[in-house]
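Structural description and commentary
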Amino acid sequence: WGLMLVLSVVIYGSHAPLLTLCKVDGTIPFSSTSVVVLVELTKLVFSFLFLLAWDRELLGVAVSWRHVVPFALSALLYAANNNLVVHMQLFMDPSTYQVLSNLKIVSTALLYSLFLRQRLSARKWLALFLLVAAGGSYSCGGLQDPGSPSKMQLHITLVGLLLISVYCLISGLSAVYTEAILKTQALPLSLQNLFLYFFGVLLNLIGYFWSSMEGGFLEGFSSWVLVIVVSQALNGLIMSVVMKHSSNITRLFVISCSILVNALLSVALFNLQLTLLFFIAISCIGLAVHLYYGLT
């Protein structure tokens, strides 16, 4: 568990720096939809290999459609969220998105408590709000480019505010709904992942052809993109284990802890400087871990 969670923290934290390394003349040269399709396809292949390795006897077992159909909704919610992230950028600046997207911690916790009937104590709610504060502090200026002005200006339209609200709601709903399916079905995780990622590949392929983007499917790809695809696929598989055997709350803590990895990589690769807000964020995360898990 420790190794898995640490690996997931590293993958989450390295995602943004890896995207920056992929940029050509300041822009992403490849289709983000293509990357999502490849990530889902990689997870599908790995799930099938795991099924062959550990649960081969299930290959000939008849599975009811009632086991399969729920994963279609889960994949649809994830696909909708991925598309929302792209469209939201038209109605707000990236900094505003980074700050407000931390509200998905609250939406996920509320839905987790409501639908999975997991009562959270006041101490645990305080811990989760500290995670929101940590994400907000870091997004507001935890890292600073020495050559750029330090003052941060946020901009968002009314439509952008509506979209970020829907995004946080769908983000929490997709995570909690998927956790509920994984835990209530008496099926091995490798088979459940096979269903989920099959629909993930199908829906994202439809989205790719629907967008009818110019250029080839693999246009602009580099070795760094390959690293992103493999790492994101691995992280998706780890998160499915977390949701099956732990909870979405653990996933929220993993995402928050990735701030440290993101900051260290940004300092090492891009010569950014840590600010006071970074240390405030790390302190909030440390206190949140202590309050929620009772760890020192």
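Described in the following lines is the structure provided in the data block. (Residues numbered from 1 in each chain as written. Predicted model: local features only at pLDDT ≥ 70, side-chain atom pairs only at ≥ 80, totals over all residues. Heavy atoms only, no water.)

When helices and strands are counted, the protein chain shows 11 helices and 2 strands. Ordering the α and β elements of the protein chain from the N terminus gives α-α-α-α-α-α-β-α-α-α-α-β-α. Computed over its C-alpha atoms, the radius of gyration of the protein chain comes to 19 Å, within 12% of the 19 Å expected for a compact globule of 296 residues. Taking the principal axes of the C-alpha coordinates as reference, the protein chain spans close to 60 × 50 × 40 Å. Within the protein chain, buried positions represent 43% of all 296 residues. Contacts spanning at least 24 positions in sequence make up 87% of the contacts within the protein chain whose residues lie at least 6 apart. Put simply, the protein chain shows about 15,400 Å² of open surface, and 69% of that area lies on carbon and sulfur atoms. (Helix = DSSP H or I, 4+ residues; strand = E, 2+ residues; numbered from the N terminus. Rg over C-alpha atoms; globule rule 2.2 N^0.38 Å. Buried < 20%, exposed > 50% of the residue type's maximum accessible area, 1.4 Å probe, protein only. Contact = heavy atoms within 4.5 Å. Areas by Shrake-Rupley, 256 points an atom, 1.4 Å probe, with all protein chains shown as cover.)

With that out of the way, let us pick up helix α6 (residues 122-139). Here α6 spans 26 Å end to end across 18 residues, near enough to the 26 Å set by a 1.5 Å rise per residue. Every buried residue belonging to α6 is among Trp125, Ala127, Leu128, Leu130, Leu131, Val132, Ala134, Gly135, Gly136, Ser137, Tyr138 and Ser139, and all of these are buried. (Expected span 1.5 Å × (residues − 1).)

In a soluble, globular protein the nonpolar side chains are often hidden away together inside. Core analysis: the largest hydrophobic core is formed by 27 residues, its most contacted members being Leu120, Leu128, Leu131, Ile249 and Phe253. Counting only elements with at least two residues in this core, the list comes to α5 (104-115), α6, α10 (248-270) and α11 (276-293). In this structure Ile249 touches Ala109, Tyr112, Leu128, Tyr292 and Tyr293, once residues within four positions along its chain are discounted. With 17 residues, the next largest nonpolar core counts Leu44, Leu51, Phe71 and Leu237 among its residues. (Core = buried A, V, L, I, M, F, W, Y, C linked by side-chain atoms within 4.5 Å.)

Quick look at the side chain of Ser34 now. Structurally, Ser34 can be placed in helix α2 (residues 32-54). When its relative accessible area of 0% is taken as the criterion, Ser34 is described as buried. Ignoring sequence-local partners within four residues, the contact set of Ser34 consists of Tyr208, Phe217 and Phe221.

A separate point is the packing of aromatic side chains. Considering all chains together, one arrives at 14 aromatic pairs under this definition. Judged by centre distance (5.8 Å) and plane angle (75°), the ring pair of Phe30 and Phe221 falls under edge-to-face. Taken together, the residues span a long stretch of sequence, with Phe30 in the loop between α1 (2-22) and α2 and Phe221 in the loop between α8 (189-211) and α9 (223-245) at a distance of 191 residues. Accessibility expressed as a relative area gives 11% for Phe30, which makes it buried. Members of the aromatic cluster, joined through ring pairs, are Phe46, Phe50 and Trp54. When the ring centre of Tyr292 is taken as reference, the NZ or CZ atom of Lys124 above it lies at 4.8 Å. (Phe/Tyr/Trp six-rings, centres within 6.5 Å; stacked < 30°, edge-to-face > 60°. Lys NZ or Arg CZ within 6 Å of the ring centre and 35° of its normal.)

Attention now goes to the pattern of salt bridges. In this structure the tally under the stated criterion is 2 salt bridges. Residue Glu40 pairs with Lys43 through a salt bridge whose shortest N-O separation is 2.9 Å. Within this pair, Glu40 and its partner Lys43 are both found in helix α2, separated by 3 residues, close to a single helical turn. We classify Glu40 as buried; its relative accessible area is 12%. (Salt bridge = Lys/Arg side-chain N within 4 Å of Asp/Glu carboxyl O.)

One non-glycine residue, Arg117, adopts positive backbone phi at about 55°. Looking at Arg117, the relative accessible area reads 76%, which means it is exposed. You will see that Asn271, though not glycine, has its phi angle at about 55°, which is positive. Looking at the element boundaries, Asn271 is found in the loop between α10 and β2 (273-274).

This brings us to a nonpolar patch on the surface. Where nonpolar side chains cluster on the molecular surface, the patch consists of Leu41, Val45, Phe46, Phe48, Leu49, Phe50 and Trp54 and spans about 660 Å² of accessible area. Among the structural elements, Trp54 can be located in helix α2. (Patch = residues over 30% accessible without salt bridge, like charges linked within 9 Å, V, L, I, M, F, W, Y side chains within 5 Å.)

Honestly, it's all geometry; don't read function into it.
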